[in-house]
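# Structure assessment
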Amino acid sequence: MSFYTSLSGMRNAQTELGAIAHNIANVETNGFKRSNVEFADLVANGTTSNPRSVRGIGAVVTEVRQDFELGAIEQTGNATDLSINGDGFFITRDEDTGRTLYTRDGAFSLDGTNFLQDGLGNRLQMFELDTNGDPVSTTATVDAFAPPTNGAGAELAGVTVNFDGTVTAAYTDGSNDDIGQVALALFQAPTGLRQTGSSSWEQTGLSGNASLGEPGAGSFGNLLAGTIERSNVDLAEEMVGLISAQRNFQANAKAIDTATQISQTIINLRT
């Protein structure tokens, strides 16, 4: 039994080592959120067992939990780089598949067709504005698009985003047009989001449905233009965890070695 008990410990340590390695590999990935491995003990027990003689039989991984703590904010000077000072997520949509993704990586830029996108072709979502500059609806979003010319025929000069999420297109004749407001999403249980890679997630039954809202409202958070949220990985903390997981693996391997020696001694006695 001791062999399998220690084997479970080695497998768990290997899982933790893999999670730590993944965190370290993404220390420079914008919007990345570190993962923590959580464990639970296993016991050999039953309804008729004597509670004074219950034996432990190892451990099991219960969850690889993501830590959504805010990462460091870095100034970039790029007007379309955005970060969120709050709990919200940017909403992006894949034009080809219609798939909706959520991200904390706000490195957006205009593509060749004047859509704000994340570099992978996923278009940033925003609320349409009425003539008063207020969102027409906060339950439906549209692709962030900057018209190449305004009503006077002037060409697009650039796009800026205010702290309240208002997207403003500037034109060569000196005019500015508000073309929408960046939409943000909140989740009841963000740790239930499914990772899809590239610092993006999609909702699941565990996360609950996304609640949409405007920047600056409640926990959605304000937008900071010209900045990017860095990874929230603390390299020093990960190195300490790496050493701890390595020691855990070695200790379980030593326990297997000791159990082998005991078994060998018993066999020698019988022969």
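Coordinates for the structure precede this section.
Our subject in this report is the structure included herewith.

Let's shift gears to the overall build of the protein chain. If you tally the helices and strands in the protein chain, you get 2 helices and 19 strands. Taken over C-alpha atoms, the radius of gyration comes to 26 Å for the protein chain, far larger than the 18 Å a tight globule of 271 residues would show. C-alpha atoms of the protein chain, sized along the principal axes, occupy 100 × 40 × 30 Å. Of the contacts formed within the protein chain by residues at least 6 apart in sequence, a portion of 62% connects residues at least 24 apart. Surface accessibility of the protein chain: about 14500 Å² in total, with carbon and sulfur atoms responsible for 50%. Within the protein chain, one finds 15 positive and 32 negative side-chain charges whose respective centroids are separated by 21 Å.

Spanning 24 residues, helix H1 (residues 2-25) covers 34 Å between terminal C-alpha atoms, matching the ideal 34 Å at 1.5 Å per step. Residues of H1 that are buried include every one of Ser-6, Ser-8, Gly-9, Met-10, Asn-12, Ala-13, Ala-19, Ile-20 and Asn-23, and no others.

Bringing the pattern of salt bridges into the picture now. Enumeration over the complete set of coordinates arrives at 16 salt bridges. Across the pair Arg-99 and Glu-202 runs a salt bridge whose closest N-O atoms are separated by 3.2 Å. With Arg-99 in the loop between strand E5 (89-94) and strand E6 (100-103) and Glu-202 in strand E16 (residues 200-202), this residue pair connects regions lying 103 residues apart in the sequence. For Arg-99, a relative accessible area of 37% puts it in the partly exposed group. Judged by its relative accessible area of 17%, Glu-202 falls in the buried class. One salt-bridge network, held together by shared partners, links Arg-34, Asp-67, Glu-237 and Glu-238.

Before going further, it helps to spend a moment on unusual backbone geometry. Located in the positive-phi region is Ser-198, a residue other than glycine, with phi close to 55°. Along the chain, the position of Ser-198 falls in the loop between strand E15 (194-197) and E16. The phi angle at Ser-199 is positive, at roughly 55°, despite the residue not being glycine. For Ser-199, the location among the structural elements is in the loop between E15 and E16.

This part covers the nonpolar core. Side chains of a nonpolar character, in soluble globular proteins, are inclined to be buried together. Membership of the largest hydrophobic core comes to 22 residues, with the highest contact counts inside it found for Phe-90, Val-167, Val-182 and Leu-223. If sequence neighbours within four positions are ignored, Val-182 has contacts with Leu-82, Phe-90, Leu-124, Gln-125, Met-126, Phe-127, Val-161, Gly-165, Val-167, Pro-215 and Leu-223. With 9 residues, the next largest nonpolar core counts Phe-89, Phe-127, Ala-185 and Leu-193 among its residues.

A separate point is a nonpolar patch on the surface. A contiguous nonpolar patch, built from Phe-3, Tyr-4 and Leu-7 and spanning about 300 Å² of accessible area, is present on the exposed surface. Mapped onto the secondary structure, Tyr-4 falls in helix H1.

Relative to the elements of secondary structure, Thr-160 occurs in strand E11 (residues 156-161). Distance from Thr-160 to Leu-17, taken between C-alpha atoms, is 42 Å for residues 143 residues apart in sequence.

Once that is clear, we can look at the pairing of strand E12 (residues 166-171). Most of E12 is tucked away: 5 of the 6 residues are buried. Of the strand pairs in this sheet, E11 and E12 are connected by 5 bridges, and their pairing is antiparallel. Looking at the pairing, Leu-156 lines up with Tyr-171 of E12. Of the pairings in the sheet, the one linking E12 to strand E13 (residues 176-182) comprises 5 bridges and is antiparallel in character. The partner of Ala-170 across the bridge, within E13, is Asn-176. Linking E12 back to E13 in an antiparallel pair, the connection comprises 4 residues, with Gly-174 at a positive phi of about 90°.

Position of Asn-26 relative to the elements: it lies in the loop between H1 and strand E1 (35-44). Accessibility expressed as a relative area gives 15% for Asn-26, which makes it buried. Polar contacts involving the side chain of Asn-26 include one to the main-chain carbonyl oxygen of His-22, which spans 2.9 Å.

The rules we used
Residues numbered from 1 in each chain as written. Predicted model: local features only at pLDDT ≥ 70, side-chain atom pairs only at ≥ 80, totals over all residues. Heavy atoms only, no water. Helix = DSSP H or I, 4+ residues; strand = E, 2+ residues; numbered from the N terminus. Rg over C-alpha atoms; globule rule 2.2 N^0.38 Å. Contact = heavy atoms within 4.5 Å. Areas by Shrake-Rupley, 256 points an atom, 1.4 Å probe, with all protein chains shown as cover. Lys, Arg positive; Asp, Glu negative; His and termini not counted. Charge placed at Lys NZ, Arg CZ, Asp CG, Glu CD. Expected span 1.5 Å × (residues − 1). Buried < 20%, exposed > 50% of the residue type's maximum accessible area, 1.4 Å probe, protein only. Salt bridge = Lys/Arg side-chain N within 4 Å of Asp/Glu carboxyl O. Core = buried A, V, L, I, M, F, W, Y, C linked by side-chain atoms within 4.5 Å. Patch = residues over 30% accessible without salt bridge, like charges linked within 9 Å, V, L, I, M, F, W, Y side chains within 5 Å. Pairing = 2+ DSSP bridges. Polar contact = N/O pair within 3.5 Å; in protein donor to acceptor, adjacent residues only side chain to side chain.

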